[in-house]
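Now for the letters of each chain:
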Number of protein chains: 6
Amino acid sequence: MNDIVRADGRTTDELRPVTIERGWSDQAEGSALISFGRTRVLCTASFTNGVPRWMAGKGAGWVTAEYSMLPRSTNDRMARESVKGRIGGRTHEISRLVGRSLRAVVDMKALGENTIVLDCDVLQADGGTRTAAITGAYVALADALEWGREKKFLGQKAQPLIDSVAAISVGIVGGVPMLDLAYTEDSKAETDMNVVVTGRGLFVEVQGTAEGAPFDRSELNSLLDLALAGTVTLTEFQKNALGR
Amino acid sequence: MNDIVRADGRTTDELRPVTIERGWSDQAEGSALISFGRTRVLCTASFTNGVPRWMAGKGAGWVTAEYSMLPRSTNDRMARESVKGRIGGRTHEISRLVGRSLRAVVDMKALGENTIVLDCDVLQADGGTRTAAITGAYVALADALEWGREKKFLGQKAQPLIDSVAAISVGIVGGVPMLDLAYTEDSKAETDMNVVVTGRGLFVEVQGTAEGAPFDRSELNSLLDLALAGTVTLTEFQKNALGR
Amino acid sequence: MNDIVRADGRTTDELRPVTIERGWSDQAEGSALISFGRTRVLCTASFTNGVPRWMAGKGAGWVTAEYSMLPRSTNDRMARESVKGRIGGRTHEISRLVGRSLRAVVDMKALGENTIVLDCDVLQADGGTRTAAITGAYVALADALEWGREKKFLGQKAQPLIDSVAAISVGIVGGVPMLDLAYTEDSKAETDMNVVVTGRGLFVEVQGTAEGAPFDRSELNSLLDLALAGTVTLTEFQKNALGR
Amino acid sequence: MNDIVRADGRTTDELRPVTIERGWSDQAEGSALISFGRTRVLCTASFTNGVPRWMAGKGAGWVTAEYSMLPRSTNDRMARESVKGRIGGRTHEISRLVGRSLRAVVDMKALGENTIVLDCDVLQADGGTRTAAITGAYVALADALEWGREKKFLGQKAQPLIDSVAAISVGIVGGVPMLDLAYTEDSKAETDMNVVVTGRGLFVEVQGTAEGAPFDRSELNSLLDLALAGTVTLTEFQKNALGR
Amino acid sequence: MNDIVRADGRTTDELRPVTIERGWSDQAEGSALISFGRTRVLCTASFTNGVPRWMAGKGAGWVTAEYSMLPRSTNDRMARESVKGRIGGRTHEISRLVGRSLRAVVDMKALGENTIVLDCDVLQADGGTRTAAITGAYVALADALEWGREKKFLGQKAQPLIDSVAAISVGIVGGVPMLDLAYTEDSKAETDMNVVVTGRGLFVEVQGTAEGAPFDRSELNSLLDLALAGTVTLTEFQKNALGR
Amino acid sequence: MNDIVRADGRTTDELRPVTIERGWSDQAEGSALISFGRTRVLCTASFTNGVPRWMAGKGAGWVTAEYSMLPRSTNDRMARESVKGRIGGRTHEISRLVGRSLRAVVDMKALGENTIVLDCDVLQADGGTRTAAITGAYVALADALEWGREKKFLGQKAQPLIDSVAAISVGIVGGVPMLDLAYTEDSKAETDMNVVVTGRGLFVEVQGTAEGAPFDRSELNSLLDLALAGTVTLTEFQKNALGR
C-alpha cells in the first residue's frame, strides 16, 4: 500500500516535514511555533498562580485551551469571529478537544492551585491544524510547567506531567488510508479521523467521521495503525524540541 | 463480564428501556418523542421546499440539525442559552454531530432542492441525550421525507434515504466496558464513547474520549463490540416505530 | 350568544379540553405538562435555597419565570432565540407576565430566602400559550413549595401561597366575544385579551389589545365576564390536579 | 374622592402640567418634545418612501416604534442597553406597545408603501414615560404624514389617519384610584394601569397589573373612568399643538 | 483669509452660536444642554460615592464617559446600537476621547474614591458633536463636583479640578482652513482635526485626519492657530455658564 | 538631547531594529511579517475582485483593515474578543486608523471595483503595534496590487498607489521627546503621539494624547520633528523590502 505516491510525493504512511520552534514568544511562560508542512500554529502557554473561583480551595489546578484561526490563514479569507460577535461551532469543538487532550496528561493535584491556558492560533492552514495545535501545545505546556517550578509555584518534587501527548489526522482518500492529510486530501476524504495518543501509546481521543461514505471495522483498524505509528514519530520530535 | 449487574439492574451489554412515540407533534412534518430510560428527547423534522441561497441551483438538498436542552431537563437548572445570548461549545458540538450523522444516510441529489431541519430538544436528561437524539431524529426524518413525497416535493421514485442510522454511548466504568451509560455511570466513566452506526452496520462516527484514564486498543475493541450490538437493537426499534 | 358554534364545535363561552399532567418531570421539584386543546406547555418549578445576591439578607424570597417556544412548536419553524443570540420582545413580555402573575399569589416573606424559577416551554402551540403557561406554572409552583417544606427550607407553618392563579385568553372574533381562542381564531380577532385571575376571583392582570378595531366599554365588559367564568373552571382543574 | 390632595398638590383626577413642543427637531419629518410634569420625552417620526422587503408589493405601509431611556433620565444612572449589548424586557415591551398604539389609528392601505419609524427617547423620567411617548408620538406622526403629502409620497386625498390616539396611566395608591401617576406614586401603587384611547373614546390598549394586591371589578371600573376623562384632555392638547 | 464667507455667513475663524443651558436635568448631579449651531448635546454627570472594584483602596477616583447619538439626531435615521446589539467603532472612539479629555483636568487623588460618569447624548447633529460633548461635559462635571462637595463626599479643601477643558473642530475645506465645521463643511473637508485644549491653553488631544488629501506642516500650523483661538472663546462661555 | 541613552541603549531619535519579512504567507495575495524591536505584526492583504454591494457600479474600489492582538502577545494574557463576543474600543479605533491610513495612498478609481482587506495581527506586542501594522500593511498592499495586475483585475497602466505610507510613535517621557516608544516607555509617557506620514512627507494622521500632562506647542513641534525623521527611515525600509 505504501508505494502509492501522493500529490506532494509522500507515501501513504509518511508525515509532512515537522518543525517545532520552541520558545518563539518572549512573553509567554511556554511557547512553540509548530509546522506540519505548510500548516503553522503558534502555541503559547500562560501560567497563572491561582485557579478560577469555582475551583478554589480544592488543591487542584486547571488546564484549558483556546483555538483560533487568523482570518487569512486559509486560502479564502474568513470573517473574524470577534467581528461576527460569536464563536463558531468548529472553533468551540476544537478548543474543547485541545483542552481535553492536554488535561489527559496532567495530574491536577500535582499541578496544585495553578492555571494554564493554552492558546493555539493558526497562522497558516493546510490541513491538520487541530493535531498540530495539540502536538505544539504539549511543548508549550512542558515549558510553562518548568517555569512554574522555577518560580516556586510548583513544589520541587511535583510531577504534574504524567505522560506526553501528540495528535495526527488520518483518513481514507480515494479508498486508500493515509497519514497526516493536507488540505486538498482532507477536502476529498471519504473518512477523516483525528487521533490523540500519549507518549506511552494510549488513546486519549479517537474521532472518526464519515464525510463521504461510512466505513467498516477493517478500515477503522487500518487508520488506527497509521495514527499510532505517526504519533510515535511526533513524540520523538517533541522530545528533541524539549532537549530530552 | 455480562453477569456484572449495574445500579439499575442491567447487565453490561443491556440497553435501557427504549420507547419511540412516532408522530408526537401535530405541527411538524415528522416527529418522534424518544426515550432511553429517563432520557427523553423530542425530535421534529421540518421539511421546506427550497434550499438556502448559497446552495440554490445545484439540484441538491440540505439536512441540518439543532440540539438543545430545556433548562430543567437536568438535575440542577441550567441557564438558557437564549438568555446568555450565546450557544455553548457542547451544544454546538452535538448539533453538528446530529446533522452529520443524518446527512450520512441521505442522498442529497435524490432529496432535490429541499431542506430538512431536525430539532432535537431534550425534555429530560439522564445520559445518552445525543445518541437518543440521533436515533429519534432518524424516525422524524423518515416521516418528513414521506410527507415530501406525498406533497410531490420529491419524485415518486426518489430514494433519498440510503440507509438508516442509530447511535449509542458506551464507556468504561470502574474498568468495565458498558453499553448505554446512564448519567451516574457517565459521570464516573474513565472513557466515554459515542458511536453512530448505519442499519447496515457501518460506522458514521466514532468519538471516544478518555475522561479519566487513556485507553488501549483492546479496550477500544470491546467498546466497539458493545456499540455495534446495541445499534442493531436500536435499528429494530426504529423499524418497528416506522411500521416497516 | 352562546349558540354560535365555532370551527372546533365549541360554544363561545366554552374552554378547549384541558389536561394537567402533574409531576411530568423526574428532575424538577414541581412540574406540570398542561394542555389547552392542542396547545401543550411543559412547566417546571426549580426550588433553590437562597436568593440572588441583591436580595440577600432581607428575609424574603423570589419567584421568577422564563417562557420559551420550541422552534417547531408552531406551524412554521421559527429560528431559535439562542441561535439568533437574543431574546425577542414577545418572549421577554410573556416571561415577565408569567413571573408577575405567580408572584401575585406568593407571600415573599413567608417564602423566606428561597428562589423559585418557573420554566414554561411550549412544546406545541395553538393559541393561548401564555395563559396555559400561567395556569400550569401554578401547579408546578405549589408542588415545589411542598417539596421545600419537606426539605425544611420552609417552616412547617409557613404559608407562602396566599391564593391560586389561572389565566385565559378572550377576544372578539367577527364581532363576537369568545373564550379561549385557538390560533386560527386569535389570528383574525379584532381584539385579544389575556386575563389573569386568582382563585378568589380578583384580577392580577388585564391585557387587552385592539389588533384590528378599537373596542368600547361594553365589549370590554363582555370579555371580562367570559374570562372570569373561564378562570373559575381552570381553578377547579388546578385543584383536581393537586388533589385538593 | 377628588378632594384628596396628592404630594404635588393635585386632586386624584388631575393631570400634571402637559406641554407639547411641536417641531423640536430640525432633522425629523415630524417631532414633538412632550412633558407630563417632569417627565420629558423626545418623539421623532421618520418618514421613508418604501417598505421593508417582506411587505413590498402589497400596497400597504408600515408604522413601528422604538422606545429608550437616556442613562441618566432616572434618579439612579442605568447602564446603556447598547453597552450591555441587549435590549431589556421592559424596553421591548414598551416599544411594542407604542407601535401597536399608533398603528391602531393608521389606515395602512391609505398610507401606501411608506414606512414611519417613531423614536421615543426619554430625556427625563418621572413616571408615565410610555403614555407620554404615545401621546407625543401621535403629534410627530401627524406632522410626518403631512410632510409625506407635501412631498407627494401620499396622494392628495389619502387619509391615513383614521383617528387620534393618546394614553395615560392610572393606578390605585393607598387604596385610592388616581390619574397620571408620578414616579413616587407609581412605585408604591397596588395596581398600575396604562390605557390607550382614541380621540373618539375607544380603547386601543388596557394594561392593568396588580403590583401589590389583586383588584376587583369595581376598582377596575374606577380606573377606566379616570383614564377616559384624562385622555379626553390629552386629545385637546394634541389638537392645540397641531393647530387644529 | 477671514473675509471668505461660508454658507452660513460665518468668517473662517468664527464659531457658530454657542449656548450652554446649565442644570437642564432635574435628575443628574450636574448637567448641561449645549448647542454649537444646530448641534445639540445633552451632557449629564453622575456622581457616585465609591469606585469600581478594580480601583478600590487606592484613594483615587475615576472619571469616564459615554457618547451616543439618538437615531434621528441625523438627517437620515440610523439604527440604534442597542438594537444592533453592539457599539460601533465611531461611538467607542468618541466615548474614549471624551473620557480622556475630562480626566486630563481632574486630579484623581483629590477626587478621592468617587466615580463620575459623563453621558453625552446627541439630540441633534450638525457636525462637531464630539467637541460640543467635551465642552458641555466640562460644565456638567464642574457642577457634579460641587454637588459632591456639598454632600461631603469631597473634602472642603479638595481641588479635583486642575484646569478647564474645551474642544473644537477645525478643517481644510476647499483649500481653506476653517473653524468649527458644520456637517456640510465637514463632509467635504480634505482634512479634519479635533483639538482639545485646557483653559490654560495646553493641548490635551490633537487628532488630525486627512480625509481627502494629506496635509503639510504649514497647514497643520494654521489649523492649530484657529483651534487655539476658538477654545479661548469656548472657555469664556464655560466660565459664564458656571457664573465664574 | 540626543545623547540621552534609553533603557535599551538607543538615543532619543533612534528607531528600534526594524525587519520586514515580505511574503511570509503562502495564502495571502500580499503579506509581511514586520518587527519593530520585539513588536511583531503579521500583515496580510486579501485581494477580492468586486466590491461590497453598497459600492457596486461606481467604478471605484475599497480598502479596509482589521487589527487584532493574539491573547498572549502581551505580558499578561488578555481575553479574546471573540470569546467576549464584542470588539473593544481600542481595537475598533486602531482598525479604523489603519484603514484610513492605507486608503490615503490609494486612488480608488484606479483600483477599480476591487476590494483589499488588510489584516494586521499582533503576534507579539512591545509598544508601537499600530504603527508597525500600518508600515507593514503598506508592503502587503503593494504586493496584493501587483498580484491583481498579474491576474488582470487591474489594468496594465492603472496606478492605484499614489504614494507610500508609514507610521511611527513618538512621546514625551520624563520631559524628553523620544522616537518609537517601547512598551515600558509608552506606559510612563506624559504625552503619546502616533504620526502617519506618506513617502513624500505629508501627514495622513496626527494623533497626540496627553496621558499624563497637557503639552504645549513647542513640545508638539519637537514630536513632529522626530516623527518626520523616523518615517523617512521607515520609507527606506519599505522600499528595500519591496526591492525598489
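As a reminder, the structure under discussion sits directly above these lines.
Residues numbered from 1 in each chain as written. Chains lettered and ligands numbered in written order. Predicted model: local features only at pLDDT ≥ 70, side-chain atom pairs only at ≥ 80, totals over all residues. Heavy atoms only, no water.

Chemist: Hey, could you run me through helix 6 (residues 217–241) of chain A in this one?
Modeler: Each full turn of the α-helix corresponds to 3.6 residues, which orients residues three or four apart in the same direction. Residue and element names in this part refer to chain A. Between the first and last C-alpha of helix 6 there are 36 Å, a value that for 25 residues agrees with the 36 Å anticipated at 1.5 Å per step. Of all the positions in helix 6, only Leu220, Leu223, Leu224, Leu226, Ala227, Gly230, Thr231, Leu234, Thr235, Gln238 and Ala241 are classed as buried. Sitting at the head of helix 6, Asp216 places a side-chain oxygen 3.1 Å from the backbone nitrogen of Ser218. Of the residues trailing helix 6, Gly243 is marked for its positive phi of about 70°. (Helix = DSSP H or I, 4+ residues; strand = E, 2+ residues; numbered from the N terminus. Expected span 1.5 Å × (residues − 1). Buried < 20%, exposed > 50% of the residue type's maximum accessible area, 1.4 Å probe, protein only. Polar contact = N/O pair within 3.5 Å; in protein donor to acceptor, adjacent residues only side chain to side chain.)

Chemist: What's the story with the sheet that holds strand 8 (residues 191–198) of chain F in this structure? I'm lost.
Modeler: Through backbone hydrogen bonds, the strands of a sheet pair up, either in parallel or in antiparallel fashion. Spatial strand order, 7(E)-6(E)-8(E)-9(E)-9(F)-8(F)-6(F)-7(F): eight strands in an open sheet with antiparallel pairing. Each of the sheet's edge strands pairs with one partner strand only, and the pair in question is strand 7 (176–179) of chain E together with strand 7 (176–179) of chain F. Going from strand to strand, the sheet's axes swing by 15° on average, the running direction of each strand aside. Relative to strand 9 (residues 203–210) of chain F, strand 9 (residues 203–210) of chain E runs antiparallel, the two sharing five bridges. From the neighbouring strand, E:Gly208 faces strand 9 of chain F, where its bridge partner is F:Val206. Of the strands in this sheet, strand 6 (165–173) and strand 8 (191–198) of chain E touch helix 4 (residues 129–150) of chain E, which is tilted by about 165° from strand 6 of chain E. The sheet strands contacting helix 6 (residues 217–241) of chain E are strand 6, strand 7, strand 8 and strand 9 of chain E together with strand 9 of chain F, and the helix crosses strand 6 of chain E at an angle near 145°. (Pairing = 2+ DSSP bridges. Axes fitted to C-alpha atoms, helices over the stretch in contact; angles between N-to-C directions. Contact = heavy atoms within 4.5 Å.)

Chemist: Just to check I follow, could you spell out the nonpolar core for this structure?
Modeler: Nonpolar side chains tend to gather and get buried jointly when the protein is soluble and globular. Counting residues in hydrophobic clusters, the biggest one holds 131 residues, and the most contacted among them are E:Leu102 and F:Leu102. Setting aside residues up to four positions removed in sequence, E:Leu102 forms contacts with E:Val63, E:Leu118, E:Ile134, E:Ala137, E:Tyr138, E:Leu141 and E:Val165. (Core = buried A, V, L, I, M, F, W, Y, C linked by side-chain atoms within 4.5 Å.)

Chemist: What is the right way to look at the relation of the copies chain C and chain B in this model?
Modeler: Both copies of the chain are placed relative to one another by a rotation about an axis and a shift along it. Relative to chain B, chain C is turned by 180° and slid 0.0 Å along the rotation axis, the superposed coordinates differing by an RMSD of 0.0 Å. Those values place the two copies in the arrangement expected of a two-fold rotation axis. Considering only C-alpha atoms, the part of chain C nearest the rotation axis is C:Ser82, at 1.8 Å. The residues that chain C uses at the interface reappear at the interface of chain B in 100% of cases, marking a shared surface. (Least-squares fit on C-alpha atoms with pLDDT ≥ 70 in both.)

Chemist: Would you take a moment to explain the interface of chain C and chain B for this structure?
Modeler: How large an interface is tends to be reported as the accessible area lost when its parts come together. Counting residues at the interface gives 34 residues for chain C and 34 residues for chain B. Both faces considered, chain C and chain B share a buried interface measuring about 3000 Å² in area, 46% of it formed by carbon and sulfur atoms. Taken together, the connections running from chain C to chain B amount to 14 salt bridges. The closest approach of N and O atoms between C:Asp119 and B:Arg80, which form a salt bridge, is 2.8 Å. The interface formed by chain C and chain B includes 26 residue pairs in polar contact (both at pLDDT 80 or more). Elements represented by at least two residues in the side of chain C that touches chain B include exactly strand 3 (39–49), strand 4 (62–69), helix 1 (81–84) and strand 5 (114–124) of chain C. The leading source of residues in the side of chain C that touches chain B is strand 5 of chain C, at six residues. Residues of the side of chain C that touches chain B, tallied by class, amount to 12 nonpolar, 11 polar and 11 charged. (Buried area = accessible area lost by both parts, 1.4 Å probe. Salt bridge = Lys/Arg side-chain N within 4 Å of Asp/Glu carboxyl O. Nonpolar A, V, L, I, M, F, W, Y, C, P; charged D, E, K, R; others polar.)

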